[in-house]
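Spelled out from the first residue to the last, the chains are:
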Amino acid sequence: MKFIQKLFDNSRRHFEEGGRFSFLFPFFDATETFFFIPGHVTQEDAHVRDSLDVKRYMSFVLVALLPPLVFGIYNAGYQSNLFSGRQLDVISVFLRGLGLVLPIVLVSYAVGFFWETTFASIRKHPISEGFLVTGLLFPLTLPPTTPLWQVAVGISFGVVIGKEIFGGTGRNILNPALTGRAFLFFAYPGSMSGDPVWVAVRQIKETAVDAVSMATPLALSKLAAPGDAIEALLSQSNYSFMKMLLGMYPGSIGATSALLCLIGAVFLILVGVASYRIVVGGVAGILVTALFLNLLAGESTSAWFSLNPMYHLVMGGSAFGIAYMATDPVSAPGMQASRWIYGFAIGALTILIRVFNPAFPEGVMLAILFMNLFSALIDYFVIRVRLKKRILNV
Amino acid sequence: MDPILRHGISGLSDKENRRCLREQLFYEQMKSIRIKKGYDLPIAGAPTVDLAQAKRPDRVASLPKRIPFVKPRLLVKEGASVNIGSVLFEDKRNPDVKFLSPGGGTIEKIHFGKRRVIEQIVIDLHDEEKWEGLADFSDDDLERVQRQDLVNTLLKGGCWALFRALPFNDYPDPGTIPPSIIVTLDSREPFHPRPDIYLDKRMDLLQFGIQVLKKLTHTVHLTVSDGQALTGSLNGLLTHVMTGPYPAGEAGVLLYHIKRQPDENRAWTISGQNLLLLADLLKNGRYPIDRTIVVAGMHAPIRQHLRTRMGVPLGHLLGDGVRKSGGSRFVNGGIFSGYRSQQDDYLGFFETALLILAEGDEKEMFGFARPGFQKPSHSRAFLSALNPSPLSMDCGMHGELRACINCGYCADVCAVDILPQFTLKSILAGEVEEALAHGLLDCVSCGLCTYVCPSKIDICAHLKMAREDYYKEIA
C-alpha cells in the first residue's frame, strides 16, 4: 500500500498544472481514486458524512452484472460450439465464449474510456464512475457476433450523444448504454437483428456447413399466424418456459437468462441502489397489459394477444432491461410516485410494442428510452400535486 | 398514563378517581407528534449522564461573529474594565439589542478576522467578579407588568437575542407579536445536554420562564423529543412530544407538523436552556451566565455533562485531560449545526456542546470496495446495515464531489418533506419562487440531506445560502 501511494505521489507532479501530462490529469485522478479514497474532510456543518459514495454506488451495478456476464460468456461459447459441432465440455465452451465476448467488452470499455477521458480533460472535471456501468451494460445487450467496429461506434454514440453532450453522468436524459444499443439497432439492422446474428458459428474444415440460422424466441413468435399458439410454436422449436427462464439459448450476450436478471435486481434492491418501485412497477406493467390483451384476443387477432403473460417476462430483453436499464437513477424520475408510474409504463409499452408493432422484435429498449424522455415530465406533475398539499411559507 | 384510569380504579374513592381522571386529561392535552422521515446517526462517543462542576476559568470570551445576522458595534475597548452584564456591543441594525459581558474583569484582547469581523472579545476575569444590577421581577410583578416593559427589560438584559424567529433564525423584531413561541427542551442531534439533567432542581425557573413567554404571546408550545423520563415532572407544561428520529425535537419540524395556516409560519423559538437564562435574568435581576453543556465525541478525553459558564475556553473544559494533538477536530455545538473551533477558542453564545472528533484525513485504499462492517451509512450499501452498535465517525468526506445522480436519498430523510434534490436544482437555476414553493423556508437546516448524499453535495448549505439571500432581499 505504501508502495502504491509513493508511486502516485512521485508521478503526481507530471500530471498537475504545468506538468508534461497535465491534460491527462483526469485520467491520473481516476486511477488514483480507484486505489484510494482521498483524505478530503468536511469544512463546516455537517461535520460527518455517510460512508457511501458514487463509486461504491456504481460498483454495485457492476457486481450485479457479473452473473449475467459470466453466464453470457458461457452461453455464447456453448451456442457457438453446439452449432459448430464442437466439444461441449465446460472448459472449451468457456474459452470459446471468452474469445467471443471479451473483445467486445474490452473494446466497449476502451473506446468509452477514451471519450470519457477526452471530455473530462477538456472540461477539467473528474472522470465519473457512471461510465464503468455503461461500459459493461452496453456489450451485454449485443449479439455475440457484433463486429468490433460496430461496438466501438455504438459505445461512442452512447457516451457522446447519450451522455457527454448533456454534461456527463448525472445530467444525461437518456440511458447511455441503451442509446448506443438503439443506434446500432437502427443503423446496422443486419448485424443487430435477424436470424443469423445470435450464434457465432465457426466453419470447420472437414465438415464445412453453411452458417446456421438460429431464431430467438421473439423472432420465432413473430412468425406465428393468427390463431396459432405462440407457446406451442416455441416448444416445437425446443423453447420451453424453463429454458427461456434459465437462458441457455441464443440471444444477446447478457440478456438471455431472466433468472439471473431477477437475482441481479433483487441484489440491487437489497443494497438500495435500484428502486424496487421501478422493478415491481415494470413487472406489473408487463403482466397487467398482457393479461388485458389476453381478454381482447379473438380469432382474427394476432397470436401475440393470447400469449401467456409470464412468457413476456422471460422472452427477449425485458427482464434485463427492467432490472438494469430502467433502474438507472439518473434517467429515471426522482419522486417515489413517479417511479411507480415510470416502471409500469415501461412494462406496458414493452408489451404494446411487441404485440402491435411487428417491425420491432424488441420492445423494452424502445420503451425505456421513450419513458426516459418522459421521466422529467412525470416528476413535474407528481411534484405539482405534492406541492398543493403544502402550507405556503414565503 | 394507564388506560385503566379512564374507568376508575376500584380501590380508590370517587374523589381520588376524579382527580386521576383530571390529571389524565391534562396529559392528553399533550399531543404526540410522530416524525416519520429522518435519521438517528449511529455515532459512538455519547456523553454519560454524570454531571460535573467545571472549575472556574481564568478568562471567558464573547464571539460576535457567531451570532447570526448581527452587525456588531463595539462599545468597549481593550483594557477597559467590565462587570458581568456590562454592554460589550450592540447590533447596528437595531441598537436596542445589546450583548452583555459574560464575565467581570478586564478586556484583554479583541480579535478581528478578515475585513475586520469581530471574532472574539476576550475578558481576563478578576478574582472577585462584580455584577451589573438589572431589574428583577417577582411572580406578582410578572402578573402586572406591561408587555412593552417586559420586552424592554429583556432587551436591556441582553437576552433578546436568545429568541430566534423562524424561518430565518434571526432574532425577532421586538415590535412584533408572534403567532406562537416554541420552546424546545432537547435535540436528538448528537450530542446535546439531556433536559432531565439541566432541568434538575430548576423546574420552578422553567415554569417562571413559560409564564414570561405567555406574556409575550398567546400560544406557547413546549416540546421534547423523547419524553419518557420527563413527562411526569413537567406536569402539564408540556404541549407536544415528538417521537421518531432526528430532527424530532427541532422547533421548525414541530411547526411544520402542527401549523394549519400560512400566518403561523413566523413563530419564535427558544431552547430550554436559553429559556432558563431568560427566567434567571428576570427573577434574579442579573445577567445569567450558567450553562450546562456536554463534552463528547470519540476523541474527547472525558465524555460527560458539565456545569460551567458562558464563553468558557474550550481547552479548559477538558480539565487535565487536555491533549493538543493533530488529527482531532473541535466542534463548537452539535454535529450537524456546530462549527469548527480550535482548542484555544471559546464556547459560543448559543452552543451547549463541545465535540471532539477524529479529523479523518487519511487516504483509504480500495475504500469503495470494502465490506464495511464498521462503516456508518444511512444506505444499505455496507455490512454495517446489519450492525446495530454505535460506530466511530470521523470528519472525512468518504468520497469525492460528483453531479447529483438523482438517487433520492435526501428526500427520504427530509423531515419537513422538502424535495432537496429538486429544490437544489431550482436554486442552482435561479428559480427562487420554485424553491420557495418546495418549502425552502420550512427547512430546519438539520443537515441530513448533506450527510446522506453519495455525490457529497452540500445540499443543506445551498438551501441555507438561498434562504439567507432571500432574507436579505425581503428585509
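Residues numbered from 1 in each chain as written. Chains lettered and ligands numbered in written order. Predicted model: local features only at pLDDT ≥ 70, side-chain atom pairs only at ≥ 80, totals over all residues.

A. Structural view of the overall build of chain A. A tally of helices and strands in chain A yields 17 helices and one strand. For a compact globule of 394 residues, the expected C-alpha radius of gyration is about 21 Å, and chain A comes in at 23 Å, within 12% of that figure. Based on the C-alpha atoms only, the size of chain A along its principal axes is roughly 70 × 70 × 35 Å. Expressed as a percentage of the 394 residues in chain A, the buried residues total 51%. Taking as baseline every contact in chain A between residues at least 6 positions apart, the subset at least 24 positions apart corresponds to 70%. (Helix = DSSP H or I, 4+ residues; strand = E, 2+ residues; numbered from the N terminus. Rg over C-alpha atoms; globule rule 2.2 N^0.38 Å. Buried ≥ 20, exposed ≤ 12 C-beta atoms within 10 Å, placed from the backbone. Contact = placed C-beta atoms within 7 Å.)

B. Representation of the packing of helix H4 (residues 90-123) of chain A against helix H5 (residues 130-140) of chain A in the model. Residues and elements named next belong to chain A. One way to put it is that H4 packs onto H5 with a least axis distance of 9 Å and a crossing angle of 145°. Both H4 and H5 take part in a crossing whose hand is right-handed. Residues Ile104, Val105, Ser108, Tyr109, Gly112, Phe113 and Glu116 of H4 form the contact with H5, whose participating residues are Phe131, Thr134, Gly135, Leu136, Phe138 and Pro139. Its residues assigned to classes, the contact of H4 with H5 comprises eight nonpolar, four polar and one charged. (Axes fitted to C-alpha atoms, helices over the stretch in contact; angles between N-to-C directions. Left-handed = near helix turned anticlockwise from the far one by under 90°. Nonpolar A, V, L, I, M, F, W, Y, C, P; charged D, E, K, R; others polar.)

C. Molecular detail of the domain arrangement of chain B. Segmenting chain B into domains produces domain 1 (1-34), domain 2 (59-125), domain 3 (135-284) and domain 4 (399-474). Computed over C-alpha atoms only, the centres of domain 2 of chain B and domain 4 of chain B are separated by 34 Å. (Domains from an automatic or database assignment.)

D. Focus on the sheet that holds strand E12 (residues 220-224) of chain B. Residue and element names in this part refer to chain B. Spatially, the six strands line up as an open sheet ordered E1-E13-E12-E11-E14-E10, and their pairing is mixed. Each edge of the open sheet carries a strand with a single partner, namely strand E1 (31-34) and strand E10 (164-165). Relative to strand E13 (residues 240-243), E12 runs parallel, the two sharing two bridges. Pairing of threonine 223 across the sheet is with histidine 240, part of E13. Contacting strand E11 (181-184) and E12, helix H5 (residues 203-216) crosses the sheet at an angle of about 140° to E12. (Pairing = 2+ DSSP bridges.)

E. View of the environment of isoleucine 110 of chain B. Residues and elements named next belong to chain B. You can see isoleucine 110 is positioned in strand E8 (residues 105-112). Overall, isoleucine 110 belongs to the partly exposed group, with 19 C-beta atoms counted inside 10 Å. Residues isoleucine 110 and serine 62, 48 residues apart in the sequence, show an inter-C-alpha distance of 9.6 Å. Ignoring any residue separated from it by four or fewer positions in sequence, one finds isoleucine 110 in contact with Glu78, Ile118 and Ile121.

F. Expanded view of the sheet that holds strand E5 (residues 81-82) of chain B. Residues and elements named next belong to chain B. Strand order in the open sheet formed by four strands is E3-E9-E8-E5, and the pairing between neighbours is antiparallel. In this open sheet, the two edge strands, each paired with only one partner strand, are strand E3 (59-62) and E5. Relative to strand E9 (residues 118-125), E3 is paired through four bridges, and the arrangement is antiparallel. For valine 60, the partnering residue across the bridge sits in E9 and is isoleucine 123.

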